Protein chains: 4
Amino acid sequence: MCRWNAFFGQPILIEELLFRTQHSLIDQSLHSRLGVETTNGDGFGVGWYTPANPTAPGRYRSVSPAWNDANLRDLSAHIEAPIFLAHIRATTGTAVQQTNCHPFRHGRWLFVHNGVIDGFHIMQRELMLAVDPALFSGITGSTDSETLFYLALTYGLDEDPIGAVERAVAFVEATGRTHGIEHPVQMTLGFSDGERLYAVRYSTEGRSRSLFVSEDAATLQALHPDNPRFSRLTDEDRVVVSEPLSDLPGVWLEVPESTAIVIQKGADEQRPFRPSPGDERLAAGNGASSTAGHAPTPPR
Amino acid sequence: MCRWNAFFGQPILIEELLFRTQHSLIDQSLHSRLGVETTNGDGFGVGWYTPANPTAPGRYRSVSPAWNDANLRDLSAHIEAPIFLAHIRATTGTAVQQTNCHPFRHGRWLFVHNGVIDGFHIMQRELMLAVDPALFSGITGSTDSETLFYLALTYGLDEDPIGAVERAVAFVEATGRTHGIEHPVQMTLGFSDGERLYAVRYSTEGRSRSLFVSEDAATLQALHPDNPRFSRLTDEDRVVVSEPLSDLPGVWLEVPESTAIVIQKGADEQRPFRPSPGDERLAAGNGASSTAGHAPTPPR
Amino acid sequence: MCRWNAFFGQPILIEELLFRTQHSLIDQSLHSRLGVETTNGDGFGVGWYTPANPTAPGRYRSVSPAWNDANLRDLSAHIEAPIFLAHIRATTGTAVQQTNCHPFRHGRWLFVHNGVIDGFHIMQRELMLAVDPALFSGITGSTDSETLFYLALTYGLDEDPIGAVERAVAFVEATGRTHGIEHPVQMTLGFSDGERLYAVRYSTEGRSRSLFVSEDAATLQALHPDNPRFSRLTDEDRVVVSEPLSDLPGVWLEVPESTAIVIQKGADEQRPFRPSPGDERLAAGNGASSTAGHAPTPPR
Amino acid sequence: MCRWNAFFGQPILIEELLFRTQHSLIDQSLHSRLGVETTNGDGFGVGWYTPANPTAPGRYRSVSPAWNDANLRDLSAHIEAPIFLAHIRATTGTAVQQTNCHPFRHGRWLFVHNGVIDGFHIMQRELMLAVDPALFSGITGSTDSETLFYLALTYGLDEDPIGAVERAVAFVEATGRTHGIEHPVQMTLGFSDGERLYAVRYSTEGRSRSLFVSEDAATLQALHPDNPRFSRLTDEDRVVVSEPLSDLPGVWLEVPESTAIVIQKGADEQRPFRPSPGDERLAAGNGASSTAGHAPTPPR
């Protein structure tokens, strides 16, 4: 059910993280250790920000397994970026096609998801209905993950990133409950606007997919003791991963259950992630009012 | 903007129609003569019915151009069928992916479309809303064509095939008019339930894409004078094509504007195709009522 | 390093073997139990013979993993054949492309290989040189497996199938030894001319990849107790597999080391497989003489 | 039969040349004006050099038509390079696969070809035999173009680029003549080692595919009057194209028949391209001697 990596810090080549670590994401595409599925071979994607083009992130997605994609090796050896997100996919049923590969993108946002919306095929129509009509035609694939992203955009990702995701998740959970689904949401999320990198670990049942963040620059340097790029890294640089890239003890901090982290210049933030039941009612009203073809009232 | 072919009659190899004619569909993928675009290289598909499996049609779709797909040559040389539909795609903007390739399929139905719903990106949400919620999760791609197919299913394709398509088109036209779109629908359609082959030529503006049907067995035999398969064909056998497969005069009858034809055992039928403005109001009501999350009242 | 299945007998749908067994080949593409690699996700292929076209086998190959290829499900549910071979690939380094997917085909022959020619990148030029110049341009991919197939064709596959493969293997072993390679050949092979199905288990070191054959009709019926197709099978019908399709005890016979089997109408055959060192000198002479641009002396 | 573009000069985004011109290469993939084929939809590739990695060029190749590849748009909008070559393919028969897409690459070299080796399927074995055995396993595809590249490498591309290509072409012509082929070589070539950009226009019959070079910075600025990137270009910057990117008179100089050009810092060079018959005998000896498994005597 997917694995992902994200980087925030001084510009590095994408391959440093994707290929040149002990248990890299590419290795995880064949042999995940902590995932529900050991094989993540249903496509992949990588998105990145460049200083020259900070509000229009680049992206490369492919339906090939990451381990055998010749272009990925080349591109990751030539593209250097201060922020990037990479994702390998194991489909839970939807088609293997580029438009279903993460990261999803809208404006300056990139978004990756590991997990599942349980009962999505039952809820899909209702969830899509709640998406801001002005955003609707931006949905090009058919996954639960992309729908969740568009719900987060609808709920104000631009203005209040963590809050918007909390409201989107609350809406999915409320919708799921009306269909008798016990645990609608299972997720770790990574997303960025090119300025900050956000990561969330959450599930309705409180048993979420694994998520780790590197502790400090020493972490990264320990991964690459001979790499001159890493030797100049500082404690501002961070890696977020679905599962550790090495067996070195002490370098990976597990993100706690129901927690959001914000990685940014200056001090990072960590806060509880609490989908609030009150918010989702706005969403329901939102969906209803939009049926007349008007844009929904901004949810907040 | 796409080309298609369909066959109804005694079982023949698919390659007889797709490859072994003077101006075959494969040739049209590179050099269409009558199409809006000369190149139809954005994927293709072929669907067929077999006597052993009459209600579960087979399908092969690919994002490769038809002219360079090695599998298509092999498969069409080995699959024999009494009814099949083949389609080559030139996208009008949506992604090149298998789920956007025709024929679309639901239950025993196969469906191909040449043309466009003008302003689809504006209307998409409203049109998808009008699809029966019980069918909604069957939509796996993002094209105007697949949405039109699901609207036709919603409006009763099983019970009244031509009527259901008339009502679906009427609904699209009504929706388009509310957005100020002058000519919302441009189409030729081919669809089948495994018993009959239906073809429709229609456009809101009354200037539709070309569509032709073979006159009689002599037509097909003239295309393949040395082919023993064709020499045993009878006047029951029919070919429907976006553009003629040969320059032979007199063998291809142009389907008139705003016309539906039904090809079947016994006498074929031809009738006017008239999207009736009265019907689409049911659809509008349908869409509105469905916003509360309930299934729409069956449109008839 | 690949897995394969082959069937010989009364016509059955390909899906009966590929999808509808307890531990099917498709399941093995994700979770092989006996293979060197657990994942076989670097493309696949299936080839089959039809009574209507017995000397021109059909083939479908794809670079997608078998487990997520939508077309494979459709095709295998609609194609019925008395003989077919299916193969899932785990590349040992060569490109993931259709021309590297098995089965390879030449004239009426289909050929699949599980294993490796050790040191192939060192020997490739010499091995290709030994291929009959008249056959050379038929090589369209870059694998060791295809080269082995063309060597077998060069050494007389048409006239003496098992003997030709023995001579081809002897030549590869002799060539490998000149480069100091200890164990040049590791293989199980499946091949057919549309009349008989051949299978070989062999490796230079005498520790070959696994290979099994079904014992009798009861075997297949035990796999599919409720399947009417299988209930009418007879003891003529055989399945050959890289690893068992079920845990049922007693139904799968392991093919012994260094053994070839011939499955055919009437009694099947089993014989030792012995690459004879004497033969390979002819091959060396063959390669040398061909450098002047002449066709090699037929190896026998 | 393919089209290509190359750029040499100050770093620009690849999209400036590939997408943002009046009659861009992407436009030519659908509607070539001067090509033998109007459609070049059998894959494409782009290779580039970066200042950070001047001896290991990057590359992106795909079997999709260039016009519908979503990744190409993204990548070319984010990759900036002082030298790059882009190629769109129309196959003359060999498989549509990434390993057959240009540019081919070996070490620091990138190489693109428009044209054909006539009778290649007859000559392929002989031509491949003449490739330096130490280079042989680098050939991963099956095209005439890649074989020509490896012959040029064999004949000393590193030491004497234009001379090596002359000798390679002389060898192909000599080989072709032994098979009665009248006009074995038809080509325009573009190649680079990251320091210089080379372009050749040549055919045995003296009627070569078109090739043009931009005259000076004013040329490029005229293509992009409003583009700030181009306004700072100098007369050092050059574009080489199979067919002009605009209808502006006077900006495109046709490269004469049988001519090689060298674009570099300082004054560019132009010289006759003369495959010398004397050289090819070395090649013949080369091929013969290599049959014993030894490396050929360096051709010079």
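Read on for a plain summary of the structure. (Residues numbered from 1 in each chain as written. Chains lettered and ligands numbered in written order. Predicted model: local features only at pLDDT ≥ 70, side-chain atom pairs only at ≥ 80, totals over all residues. Heavy atoms only, no water.)

Some details on unusual backbone geometry
Cut-off, in case you're wondering: Only DSSP runs of H or I covering at least 4 residues are called helices, and only runs of E covering at least 2 are called strands; the numbering of each starts at the N terminus.
Note that the residue after B:His102, namely B:Pro103, is joined by a cis bond; omega there is -5°. Structurally, the position occupied by B:Pro103 is in the loop between strand 4 (80-88) and strand 5 (104-106). One non-glycine residue, A:Ser258, lies in the positive phi region at around 55°.

With respect to the interface of chain A and chain D
The following threshold applies: Any two residues having at least one pair of non-hydrogen atoms within 4.5 Å are treated as being in contact. Simply put, the buried area is the total loss of 1.4 Å probe accessible area from both parts when two parts are fitted together. Here a salt bridge means any side-chain nitrogen of Lys or Arg lying within 4 Å of a carboxyl oxygen belonging to Asp or Glu. Here a polar contact is recorded for every N or O atom pair within 3.5 Å, except that within protein the pair must consist of a potential hydrogen donor and a potential acceptor, and residues adjacent in sequence are included only if both atoms are side-chain atoms. Note on residue categories: nonpolar means Ala, Val, Leu, Ile, Met, Phe, Trp, Tyr, Cys or Pro, charged means Asp, Glu, Lys or Arg, and polar means any other residue, Gly included.
Between chain A and chain D, the residue contacts involve 18 residues of the former and 18 residues of the latter. For chain A, the biggest contributors to the area lost against chain D are A:Asn71, A:Asp74 and A:His78; these three give 41% of the whole. When the shortest N-O distance is used, the salt bridge between D:Arg105 and A:Asp74 registers 2.7 Å. Remark: the boundary between chain A and chain D carries 10 residue pairs in polar contact (both at pLDDT 80 or more). Elements with a minimum of two residues in the side of chain A that touches chain D: strand 2 (44-50), strand 3 (53-62) and helix 3 (70-76) of chain A. A breakdown of the residues in the side of chain A that touches chain D according to their chemical character gives eight nonpolar, six polar and four charged.

Let's talk about helix 6 (residues 144-154) of chain B
Note that an α-helix has 3.6 residues per turn; residues three or four places apart therefore point the same way. Residues and elements named next belong to chain B. Quick reminder of the rule: The buried label goes to any residue with under 20% of its type's maximum accessible area, the exposed label to any with over 50%, and the partly exposed label to all in between, with areas taken from a 1.4 Å probe on protein chains only.
For helix 6, a buried count of 11 out of 11 residues is recorded, marking the element as mostly surrounded by other parts of the structure. Restricting attention to buried positions, one finds in helix 6 the residues Asp144, Ser145, Glu146, Thr147, Leu148, Phe149, Tyr150, Leu151, Ala152, Leu153 and Thr154. The positive-phi residue at the C-terminal boundary of helix 6 is Gly156, with phi of around 100°.

Comments concerning the sheet that holds strand 6 (residues 109-117) of chain A
All names here are of chain A. Stated precisely, the cut-off is as follows: At least two DSSP bridges between two strands are required for those strands to pair. With axes taken as lines fitted to C-alpha atoms, and helix axes fitted only over the stretch in contact, angles between N-to-C directions fall between 0 and 180 degrees.
Read across the open sheet, the six strands follow the order 5-6-7-8-12-13; overall the sheet is antiparallel. The open sheet is flanked by strand 5 (104-106) and strand 13 (269-272), the only strands paired with a single partner. Strand-to-strand twist in this sheet, taken as the mean axis angle between neighbours without regard to direction, amounts to 15°. Its contacts with the sheet put helix 6 (residues 144-154) on strand 5, strand 6 and strand 7 (185-192), and the angle it makes with strand 6 is roughly 125°. Running at roughly 155° to strand 7, helix 7 (residues 161-178) makes contact with strand 6, strand 7, strand 8 (197-203), strand 12 (259-263) and strand 13 of the sheet.

Some details on the pairing of strand 3 (residues 53-62) of chain C
Strand direction decides the pairing type here: strand 2 (residues 44-50) of chain C and strand 3 of chain C, joined by six bridges, are antiparallel. Following the sheet pairing, C:Gly45 is matched in strand 3 of chain C by C:Arg61.

Quick notes on the relation of the copies chain C and chain B
Let me state the cut-off plainly: To superpose the copies, least squares is applied to the C-alpha atoms of every residue with a pLDDT of at least 70 in both.
Mapping chain C onto chain B is achieved by rotating through 180° and translating by 0.0 Å along the same axis, at an RMSD of 0.0 Å. Classification of the inter-copy transformation places it as that of a two-fold axis. For chain C, the residue whose C-alpha comes nearest the rotation axis is C:Ile79, separated from it by 3.9 Å. When you check the interface residues of chain C against chain B, 100% turn up at the interface there too, and the contact is symmetric in its surfaces.

Quick word on the interface of chain C and chain B
On the chain B side, the residues contacting the 18 residues of chain C number 18 residues. Summed over both partners, the interface of chain C with chain B comes to about 1300 Å²; 44% of that surface belongs to carbon and sulfur atoms. Looking at the side of chain C facing chain B, the largest losses of area belong to C:Asn71, C:Asp74 and C:His78, adding up to 41% of the total buried there. The interface formed by chain C and chain B holds two salt bridges in total. Inspection of the chain C/chain B interface yields 10 residue pairs in polar contact (both at pLDDT 80 or more). The dominant element in the side of chain C that touches chain B, judged by the number of residues it contributes, is strand 3 of chain C, at seven residues. When the residues that make up the side of chain C that touches chain B are grouped by side-chain class, the tally is eight nonpolar, six polar and four charged.

Some details on the packing of aromatic side chains
Worth spelling out the cut-off: Side-chain rings of Phe, Tyr and Trp, where Trp is taken by its six-membered ring, are said to pair if the distance between their centres is within 6.5 Å; with planes under 30 degrees apart they count as stacked, over 60 as edge-to-face, and otherwise as tilted.
A complete count under the given rule lists 42 aromatic pairs over all chains for this structure. Ring centres of A:Phe7 and A:Phe84 lie 5.5 Å apart, and the angle between their planes is 25°; this geometry places the pair in the stacked category. One end of the pair, A:Phe7, is in strand 1 (residues 3-13); the other, A:Phe84, is in strand 4 (residues 80-88), with 77 residues separating them in the sequence. With respect to burial, A:Phe7 and A:Phe84 carry one shared label: buried. Measuring from ring centre to ring centre gives 5.5 Å for B:Phe149 and B:Tyr150, while their planes differ by 70°; the resulting arrangement is edge-to-face. When its relative accessible area of 0% is taken as the criterion, B:Phe149 is described as buried. Take B:Tyr150: its relative accessible area is 2%, and that puts it in the buried class. A connected cluster of aromatic rings, assembled from ring pairs, spans A:Trp109, A:Phe111, A:Phe149, A:Tyr150, A:Phe191 and A:Tyr198.

Coordinates in, geometry out; function isn't part of it.
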